[in-house]
Amino acid sequence: MDELTSRKYPVREHIRFQRRLWVVERAGWLVLALIMLLGLLGLFGTGVLSNATVSAGSLTVEYDRFERATRVSQFIFQFAPSPNGERRLRLNRVFQDNYEIASIQPPPAKSSADGLDLTFSAPAGSPARIVIWAHAQGFGSTQIEARADDEPPLTFWVMVYP
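Keep in mind that this is a model prediction, so the values were computed, not measured.

A few points about a nonpolar patch on the surface
A cluster of nonpolar residues, L34, L37, L41, V48 and L49, forms a patch on the protein surface that exposes about 440 Å² of accessible area. Position of L37 among the secondary structure elements: in helix α1 (residues 15-41).

Here it is, written out as structure tokens:
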């Protein structure tokens, strides 16, 4: 008896349907393996796919593209050396609305709440590094704009998962 033909005795079988079901099952396995691999690489949290660095002018930002709403996020802003001792970091209103700041290191010398305007003192001619730890207030995609001194803005996006 041929194993690939449908039988009616002792149990009714539909081999064509069973073969289609096997194909769907294997496709499901592949999808699950792909989701697991992307998760390990950082699509749903920290990892290679999540770590990002963007630069514009004298400002460089290191951050995670994919974050969790329950986790503290870290944004590292690095400034190139400047001739004067004062550096100014301005973040758009979207950042202020979507994040609650837990800590800023070093603490700013001056700040204002129109967007988020922070002024830091640094030795003249040396690079500056500012780290902001913040909690996301919600989830979804957020486009953040950062500006160093009076340079053109640097735009980047962050996806926050619940």
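Some points on the pairing of strand β1 (residues 51-56)
Moving residue by residue along a regular strand, the side chains alternate between the two faces of the sheet. As paired strands, β1 and strand β2 (residues 59-64) are joined by 6 bridges and run antiparallel to one another. Note that in β2 the partner of N51 across the bridge is D64. The hairpin formed by β1 and β2 contains 2 residues between the paired strands, and G57 there has a positive phi angle of roughly 60°.

Remarks on the sheet that holds strand β4 (residues 72-79)
The 5 strands lie next to each other as β1-β2-β4-β9-β6, forming an open sheet whose pairing is antiparallel. One side of each edge strand has no neighbouring strand; the edge strands of this open sheet are β1 and β6 (99-105). Direction aside, neighbouring strands of the sheet carry axes that sit 20° apart on average. Across 4 bridges, β2 lies against β4 in antiparallel orientation. The residue bridging L59 from the neighbouring strand is F79, located in β4.

Thoughts on unusual backbone geometry
Across the junction of Q105 and P106, the peptide omega takes the value -10°, indicating a cis bond. Structurally, the position occupied by P106 is in the loop between β6 and β7 (110-112). Despite not being glycine, D149 shows a phi value in the positive range, around 50°. Turning to its location among the elements, D149 is positioned in the loop between β10 (140-148) and β11 (154-161). Classification of D149 as partly exposed rests on a relative accessible area of 24%.

Let's talk about α1
When the terminal C-alpha atoms of α1 are compared, their 39 Å separation across 27 residues agrees well with the 39 Å that a helix rising 1.5 Å per residue should span. A positive backbone phi angle near 110° is found at G42, which sits one or two residues after α1.

Considerations on the sheet that holds strand β3 (residues 66-68)
Spatially, β3-β11-β10-β5-β8-β7 is the arrangement adopted by the 6 strands of the open sheet, whose pairing is mixed. Pairing within the sheet leaves two strands with one partner each, and these edge strands are β3 and β7. Here the strands of the sheet are splayed against their neighbours by 25° on average, with no regard to which way each runs. One ladder, built from 3 bridges, connects strand β5 (residues 86-91) with β10; its direction is antiparallel. Counterpart to L89 in the pairing with β10 is A148.

Conventions we followed
- Residues numbered from 1 in each chain as written.
- Predicted model: local features only at pLDDT ≥ 70, side-chain atom pairs only at ≥ 80, totals over all residues.
- Heavy atoms only, no water.
- Patch = residues over 30% accessible without salt bridge, like charges linked within 9 Å, V, L, I, M, F, W, Y side chains within 5 Å.
- Areas by Shrake-Rupley, 256 points an atom, 1.4 Å probe, with all protein chains shown as cover.
- Salt bridge = Lys/Arg side-chain N within 4 Å of Asp/Glu carboxyl O.
- Helix = DSSP H or I, 4+ residues; strand = E, 2+ residues; numbered from the N terminus.
- Pairing = 2+ DSSP bridges.
- Axes fitted to C-alpha atoms, helices over the stretch in contact; angles between N-to-C directions.
- Buried < 20%, exposed > 50% of the residue type's maximum accessible area, 1.4 Å probe, protein only.
- Expected span 1.5 Å × (residues − 1).

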